[in-house]
Amino acid sequence: MTGHVTGIGGVFFRAGHPESLAKWYADHLGVTPFGPWPQAEGVSVFAPFPADTDYWPAGKQWMLNLRVSGLDALVARLEAAGIVAERRPEEWDTPETGRFARITDPEGNEIELWEPPK
């Protein structure tokens, strides 16, 4: 098919302190700000939610979900750096959807870390 979307080209959002927030993402999650960010091939989910969803905090319009490999090792590294990771394996981890953890960036944006099922 010609003339169709092939993937997400970027994620752009406002920040109170963009330079320090970009450094936080690079230091803790390996996301290269403002430059090419090589990614592993895999699925992405595009899903508008109802305005009254309680899946993430009510005051936020969006939540970033990052596909990860080695969720346990990443969570351990984040926690060693003082970043709290919320886990709810009984709720969030299923063979059908994979495994999840949530962290919050320094500006209060919730980030869902998702390790897809193998």
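Attention in this report is confined to the structure presented alongside it. (Residues numbered from 1 in each chain as written. Predicted model: local features only at pLDDT ≥ 70, side-chain atom pairs only at ≥ 80, totals over all residues. Heavy atoms only, no water.)

1. Examining the pattern of salt bridges
Should the charged atoms of two oppositely charged side chains come close, the side chains can pair. In the structure shown here, the tally under the stated rule is 10 salt bridges. Between Asp27 and Lys23 there is a salt bridge whose closest N-O contact spans 2.6 Å. Of this pair, Asp27 and Lys23 are both found in helix 1 (residues 18-29), 4 residues apart, which corresponds to roughly one turn of the helix. Here Arg88 and Glu86 are joined by a salt bridge, their closest N and O atoms 2.7 Å apart. A relative accessible area of 27% places Arg88 in the partly exposed class. With relative accessibility at 32%, the residue Glu86 sits in the partly exposed group. Through salt bridges with shared partners, one network takes in Asp72, Arg87, Asp93, Arg99 and Glu115. (Salt bridge = Lys/Arg side-chain N within 4 Å of Asp/Glu carboxyl O. Helix = DSSP H or I, 4+ residues; strand = E, 2+ residues; numbered from the N terminus. Buried < 20%, exposed > 50% of the residue type's maximum accessible area, 1.4 Å probe, protein only.)

2. Structural notes on the pairing of strand 1 (residues 64-67)
Residues Leu64 and Leu66 of strand 1 are buried on one face, while the alternating residues Asn65 and Arg67, pointing to the opposite face, are not. The pairing of strand 1 with strand 3 (residues 110-115) spans 4 bridges and is parallel. The residue of strand 3 that forms the bridge with Asn65 is Glu112. (Pairing = 2+ DSSP bridges.)

3. What about the packing of aromatic side chains?
Within this structure, the stated rule accounts for 7 aromatic pairs. Arranged with centres 5.0 Å apart and planes meeting at 70 degrees, the rings of Phe49 and Trp56 form a pair that is edge-to-face. Between Arg102 and the ring centre of Tyr55, over which it is positioned, the NZ or CZ distance is 4.4 Å. (Phe/Tyr/Trp six-rings, centres within 6.5 Å; stacked < 30°, edge-to-face > 60°. Lys NZ or Arg CZ within 6 Å of the ring centre and 35° of its normal.)

4. Observations regarding helix 1
An α-helical turn contains 3.6 residues, so any two residues separated by three or four positions project in the same direction. The end-to-end C-alpha distance of helix 1 is 16 Å, a good match for the 16 Å that 12 residues give at a rise of 1.5 Å each. Residues of helix 1 that are buried: Leu21, Ala22, Trp24, Tyr25, His28 and Leu29. With its buried residues spanning 155 degrees around the axis, helix 1 presents them on a single face. For helix 1, the exposed residues lying more than 90 degrees away from the buried face are Glu19 and Lys23. Looking at the packing, one finds that the buried side of helix 1 touches strand 1, helix 2 (71-80), strand 2 (99-104) and strand 3. One or two residues past the end of helix 1 sits Gly30, with phi positive at roughly 75 degrees. (Expected span 1.5 Å × (residues − 1). Arc of directions from axis to C-beta. Contact = heavy atoms within 4.5 Å.)

5. Regarding the sheet that holds strand 2
Strand order in this open sheet of 3 strands is 1-3-2, and the pairing throughout is mixed. Each end of this open sheet is capped by a strand with a single partner; those strands are strand 1 and strand 2. Pairwise comparison of adjacent strand axes, ignoring direction, gives a mean angle of 25 degrees for this sheet. Here strand 2 runs beside strand 3; their pairing, made up of 6 bridges, is antiparallel. Bridge pairing in strand 3 links Ala101 to Leu113. The strands touched by helix 1 within the sheet are strand 1, strand 2 and strand 3, with strand 3 carrying the most contacts at an inclination of about 25 degrees. Contacting strand 2 and strand 3, helix 2 runs over the sheet at an angle of about 20 degrees to strand 2. (Axes fitted to C-alpha atoms, helices over the stretch in contact; angles between N-to-C directions.)

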